[in-house]
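Examining the three-dimensional arrangement
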Amino acid sequence: MATSHVKRAFKYRFYPADAQAAELSRTFGCVRRVYNLALAARTEAWTLRRERVDYGATSAMLTAWKKTEELAYLNDVSSVPLQQALRHLQGAFANFWARRAKYPVFKSRKKSRRSAEYTTSAFRWREGRLTLAKMAEPLDIVWSRPVPEGSAPSTVTVSQDAAGRWFVSLLCDDRPTMPAPVNAAVGIDAGITALVTLSTGEKITNPRHERRDRERLAKAQRELAGKAEGDGANRARARRKVARVHARIADRRRDFLHKLTTRLVRENQTVVIEDLSVGNMIKNRKLSRAIADASWSELRSMLEYKTRWYGRELVVVDRWFPSSKLCGACGAIAARMPLTVRAWQCDCGAVHDRDVNAARNILAAGLAVAACGDGVRPQRSTPGGQSSVKQEVVPTVARRATAQPRG
């Protein structure tokens, strides 16, 4: 199945020469500096004069900053990444004013992502070779997968992670294709022991990537804690060692989730999931580590954009729908269902596996409400007095999807 053209990022590892690494490091520093200066100026204007400063005004400020002796070094790098930093700040403020995000924060030298974005005027793309502004030679990129044929990148983002690895992301026009789905629809119940349980009855075990490297991570963190603050080179090496372990965990987790979500989208036209409040659930101190390792938010994010790419449908069931406590046979709701209960029997005689029953109820709820034409919208408010653990309260929208009692 083919969809219309979409903008898609293709990320690759690359190995810069010493001069290229130095140029990119200077650019990262200048990008951070310009972003922080513009944020400070906009904050001051709003705090003192209730004045909103837009991108055009900060762009004029950048021109003035370059003429000062203190910030003359901004002229040494390409101006495009600096302008892009101002555009990103404008987007951050737009999200803040629209109440989609918190107020923008300053970029830290140690903690913030090191990156720079180049538009078409600041790079050269010829015969599959990429050369950035201020550089004489193309980047040594490891082409782990092909770029869409006949498509030139419109934007290039270069970044360096905490482990010291260099990456380049090419934003290209693409037309993703996917074969016709095998099944019409599937319901998904997210968990910890089984990462996801499908309405088909299949359970996909949680690989627990963080647990597998927990000992190695703890050792690296102890070594870092033993380095004095003034021991610059040794502490930096220890910090990179910790970052490499974290990167290893994140890479394996991301690879697993990509394979899983691609399979779910390939095999189904409609995917139904719950609107889990991961931010609240992770506050549970007993489960926070396991929930973070499961990475349910990343799983949902991948399903969202992959269903959009490939012309599939993603239905999100309200988080308060009682998927686990609802009997899929008669529609009765159990009074309580502690997390320790993995199998239960309804008064009607039906015996349920907790997760499989929940997945099937999620599927039924999603299909029923979607059929009414309203769609299933997640609730943003949290009822007072509820625990951060996955709750099971019957909301109005979920009642419409509840199975009717049989005889």
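Our subject is the structure listed above.
What you see is a predicted model; the values in this text were computed from it and never measured.

**Focus on a positive patch on the surface**
- Together, Lys110, Lys227, Arg237, Arg239, Arg240 and Arg244 make up a positively charged patch on the protein surface.
- Structurally, arginine 239 can be placed in helix α6 (residues 232-267).
- Taking relative accessible area as the criterion, arginine 239 reaches 38% and is therefore assigned partly exposed.

**A closer look at the packing of aromatic side chains**
- Throughout the structure, instances matching the rule amount to 10 aromatic pairs.
- Ring geometry for tyrosine 12 versus tryptophan 143: centroids 4.8 Å apart, planes at 65°, classification edge-to-face. Here the residue tyrosine 12 occupies a position in strand β1 (residues 6-14), and tryptophan 143 occupies one in the loop between β5 (141-142) and β6 (155-160), the gap between them amounting to 131 residues.
- Judged by its relative accessible area of 1%, tyrosine 12 is buried.
- Between phenylalanine 28 and tryptophan 166, the ring centres sit 5.9 Å apart and the planes meet at 25°, which makes this aromatic pair stacked. Placement of the pair is phenylalanine 28 in helix α1 (residues 18-49) and tryptophan 166 in strand β7 (residues 166-174), with a sequence separation of 138 residues.
- An aromatic cluster of at least three residues, connected via ring pairs, comprises Trp46, Phe93, Phe96, Trp97 and Tyr103.
- When the ring centre of phenylalanine 167 is taken as origin, the NZ or CZ atom of lysine 11, which lies over that ring, is 4.7 Å away.
- Geometry around tyrosine 35 places lysine 107 over its ring, the cationic atom sitting 4.5 Å from the centre.

**Observations concerning the sheet that holds strand β8 (residues 183-190)**
- Read across the sheet, five strands follow the order β10-β9-β8-β11-β12 without closing on themselves; strand pairing throughout is mixed. Strands with a single pairing partner mark the edges of an open sheet, and in this sheet they are β10 (203-205) and β12 (313-317). Strand-to-strand twist in this sheet, taken as the mean axis angle between neighbours without regard to direction, amounts to 25°.
- The sheet contact formed by β8 and strand β11 (residues 268-274) spans four bridges and is parallel. Residue pairing across strands places asparagine 183 opposite asparagine 268, the latter belonging to β11.
- Packing against the sheet, α6 makes contact with β8, β9 (194-198), β10 and β11, and its axis sits at approximately 5° to β9.
- Seen against the sheet, helix α9 (residues 296-309) touches β8, β9, β11 and β12 and runs at an angle of roughly 140° to β12.

Definitions and cut-offs
Residues numbered from 1 in each chain as written. Predicted model: local features only at pLDDT ≥ 70, side-chain atom pairs only at ≥ 80, totals over all residues. Heavy atoms only, no water. Patch = residues over 30% accessible without salt bridge, like charges linked within 9 Å, V, L, I, M, F, W, Y side chains within 5 Å. Areas by Shrake-Rupley, 256 points an atom, 1.4 Å probe, with all protein chains shown as cover. Salt bridge = Lys/Arg side-chain N within 4 Å of Asp/Glu carboxyl O. Lys, Arg positive; Asp, Glu negative; His and termini not counted. Charge placed at Lys NZ, Arg CZ, Asp CG, Glu CD. Helix = DSSP H or I, 4+ residues; strand = E, 2+ residues; numbered from the N terminus. Buried < 20%, exposed > 50% of the residue type's maximum accessible area, 1.4 Å probe, protein only. Phe/Tyr/Trp six-rings, centres within 6.5 Å; stacked < 30°, edge-to-face > 60°. Lys NZ or Arg CZ within 6 Å of the ring centre and 35° of its normal. Pairing = 2+ DSSP bridges. Axes fitted to C-alpha atoms, helices over the stretch in contact; angles between N-to-C directions. Contact = heavy atoms within 4.5 Å.

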